[in-house]
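Survey of secondary and tertiary structure
Given next are the chains, with one letter for each unit.
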Amino acid sequence: MQDESPVSHALLAAPSAIGTGSNGIGFAPRLVPRPTTPLEKVAIIVRLLLSEGIPLPLADLPEQHQTRLAEQMARMGLVDRATLTATIEEFLAALDATGLTFPDGLAGALALVDGHISPDAASRLRRMAAGQTRADPWDRIASLPPEDLLPLLADEAPETAAVALSRLPVPRAADLLAKMPGDRARRVALAMSRTAATAPETLRRIGLSLVAQLDARPPRAFQNGPVARMGAILNVSPTLTREDVLAGLDEGDATFAEQVRKAIFTFAHIPARVAPRDLPRILRATDPAQITTAFAAATADPALAPVVEAILAALSPRMVQQMRDDMAARGKVNPKDADAAYTALVTAIRQLEAAGELTLKQEEDEG
């Protein structure tokens, strides 16, 4: 038996399309769309969009909805043009009538209001949403900074850490591996060979477990860690106070003291941490009188004079000569005014960094 032709398929699929012409036998086009269920309409729209090459995020739907949609599409057969046109018109009318949409589920709502509600409320909502969403937990994990990810993976089995690194973007994974202790990094690298058979559901369960650990942590009162907070305070402290505090930290906790030293950014760090191309922008953002005071004070200090020369080397000869004239006219600077001027320059740099207008270079570790 020969396969049915497209014409015979159409006749079998839509027998009411057959009409009677003037000679008793004929065909009349269907003018009235056939009734369709909401799921059939969805199947029609999805089929149309896919046929036009438009990518649809169907994987974001709950699995039961994906299954129902596929089963319905398998039953659709031929759809006549009148029904197709009516479905498209109804779909466009629904789009046109839409005024505002809200995310589906607690996870979507939390993503919308996160940062606008209290940390306690956000933590509670995350725990409530954990078991109600099919969203990919790795999207959230990938957005975490290294200082949050490293402790999260520190107590996990090497295989789990290897799976996590495999799921993260390559640059993020490389950065995390470099920040792990050497022995831990080697164990995680060796465990990578044992992750080949990881199933998608296993990957998802690992992600959900890590997210659950994140949500179980109590909210932090401070956004920054103790090193960053101490460093920020000492950045704007007088030099004598800063050195006295660091000396005390050396006696009480040498490791913490070293970390704080690395977090501190002072006038002396400008040549090592600021790109020469950014120096004119920094000077424009600082009070000229403070610049003159800082440079005059630093020039008289053998330890800071090279800092001034490094900054001047990035400027035009005309501007350098003007600054040297201003420094000579300023004369001797008392320590209190010098500290205030240094702080003004450092504050301008930090503000530009926070605004994303410059990026400070990282000092190379010694040894």
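Residues numbered from 1 in each chain as written. Predicted model: local features only at pLDDT ≥ 70, side-chain atom pairs only at ≥ 80, totals over all residues. Heavy atoms only, no water.

If you tally the helices and strands in the protein chain, you get 21 helices and two strands. When burial is assessed residue by residue, the protein chain has 29% of its 367 residues classed as buried. In the protein chain, once contacts between residues fewer than 6 apart in sequence are set aside, the share between residues at least 24 apart is 70%. Accessible surface, the protein chain: about 23,400 Å² in total, of which carbon and sulfur atoms supply 59%. (Helix = DSSP H or I, 4+ residues; strand = E, 2+ residues; numbered from the N terminus. Buried < 20%, exposed > 50% of the residue type's maximum accessible area, 1.4 Å probe, protein only. Contact = heavy atoms within 4.5 Å. Areas by Shrake-Rupley, 256 points an atom, 1.4 Å probe, with all protein chains shown as cover.)

Scanning the entire structure with this criterion turns up two aromatic pairs. Ring centres of F267 and F295 lie 6.5 Å apart, and the angle between their planes is 55°; on these two criteria the pair is classed as tilted. One end of the pair, F267, is in the loop between α15 (254-263) and α16 (270-273); the other, F295, is in helix α18 (residues 288-299), and 28 residues separate them in sequence. Judged by centre distance (4.7 Å) and plane angle (25°), the rings of F267 and Y342 are stacked. Note that F267 is positioned in the loop between α15 and α16 and Y342 in helix α21 (residues 335-354), a separation of 75 residues in sequence. (Phe/Tyr/Trp six-rings, centres within 6.5 Å; stacked < 30°, edge-to-face > 60°.)

Right, let's get into the side chain of R273. Mapped onto the elements of the fold, R273 is located in helix α16. There is a polar contact of 2.3 Å between the side chain of R273 and the backbone oxygen of K361. (Polar contact = N/O pair within 3.5 Å; in protein donor to acceptor, adjacent residues only side chain to side chain.)

Below, the discussion takes up the pattern of salt bridges. Between side chains of opposite charge, a pair can form as their charged atoms come close. Throughout the structure, instances matching the rule amount to 10 salt bridges. Taking the shortest distance from any N to any O, the salt bridge between K41 and E90 comes out at 3.0 Å. Note that K41 is positioned in helix α2 (residues 38-51) and E90 in helix α4 (residues 81-97), a separation of 49 residues in sequence. Within this structure, D183, R186 and R187 form a network of salt bridges that share partners. (Salt bridge = Lys/Arg side-chain N within 4 Å of Asp/Glu carboxyl O.)

Quick look at the packing of α2 against α4 now. Two numbers describe how α2 lies on α4: the axes approach to 10 Å, and their chain directions differ by 95°. Classed by the angle they form, the pair α2 and α4 counts as roughly perpendicular. Residues K41, I44, I45 and L48 of α2 pack against T83, L84, T87, I88, E90 and F91 of α4. Of the residues assigned to the contact of α2 with α4, the class counts are six nonpolar, two polar and two charged. (Axes fitted to C-alpha atoms, helices over the stretch in contact; angles between N-to-C directions. Parallel < 35°, antiparallel > 145°, perpendicular 65-115°, else oblique. Nonpolar A, V, L, I, M, F, W, Y, C, P; charged D, E, K, R; others polar.)

Right, let's get into the packing of α2 against helix α3 (residues 63-75). Close contact between α2 and α3 brings their axes to 9 Å; oriented N to C, the two are set at 85°. Compared by their axis directions, α2 and α3 come out roughly perpendicular. Contacts between α2 and α3 involve L39, E40, V42, A43, V46 and R47 from the former and R68, L69, Q72 and M73 from the latter.

Counting residues in hydrophobic clusters, the biggest one holds 32 residues, and the most contacted among them are F267 and F295. Looking at this core, the elements with two or more residues in it are α17 (279-284), α18, α19 (305-312), α20 (317-330) and α21. Here the element with the most residues in this core is α21; it accounts for seven residues. Residue contacts for F267: discarding those within four places in its chain leaves A294, F295, A298, L304, V307, V308, I311, Y342, L345 and V346. One finds L144, L153, L165 and A173 within the second-largest nonpolar core, a separate group that totals 22 residues. (Core = buried A, V, L, I, M, F, W, Y, C linked by side-chain atoms within 4.5 Å.)

A few words now on helix α11 (residues 182-191). Buried within α11 we find R184, A185, V188 and A191. Down the axis of α11, the sector holding all buried residues measures 125°, keeping them to one side. Exposed and oriented more than 90 degrees from the buried face of α11 are R186 and L190. Summarising the contacts, the buried residues of α11 are in contact with α8 (146-154), α9 (158-167) and α10 (170-179). (Arc of directions from axis to C-beta.)

Right, let's get into a nonpolar patch on the surface. On the surface, L100, F102, L112 and V113 cluster together to form a nonpolar patch covering roughly 450 Å² of accessible area. Position of V113 among the secondary structure elements: in helix α5 (residues 105-113). Accessibility expressed as a relative area gives 30% for V113, which makes it partly exposed. (Patch = residues over 30% accessible without salt bridge, like charges linked within 9 Å, V, L, I, M, F, W, Y side chains within 5 Å.)

Chain-level pLDDT for the protein chain is 82 on average; 85% of the residues reach the 70-or-more range. The secondary-structure element of the protein chain with the lowest mean pLDDT is helix α1 (residues 6-13), recorded at 42, while α18 shows the highest, at 95. In the model, residues 1-22 has pLDDT below 50 throughout and makes 18 contacts with residues more than four positions away in sequence or in other chains. (pLDDT = per-residue confidence, 0-100.)

We now examine α15. Within the sequence span of α15, burial applies to F256, A257 and V260. Projection of α15 onto a plane perpendicular to its axis shows the buried side chains occupying an angular sector of 100°, all on one side. Tucked into the core, α15 has its buried residues touching α13 (226-235) and α14 (239-252).

What follows concerns the environment of L345. Position of L345 relative to the elements: it lies in helix α21. Residue classification places L345 among the buried positions, given a relative accessible area of 1%. Along the backbone, L345 and I291 are 54 residues apart, and their C-alpha atoms lie at a distance of 7.2 Å. The contacts of L345, once residues within four sequence positions are left out, are F267, I282, L283, T286, A294 and F295.

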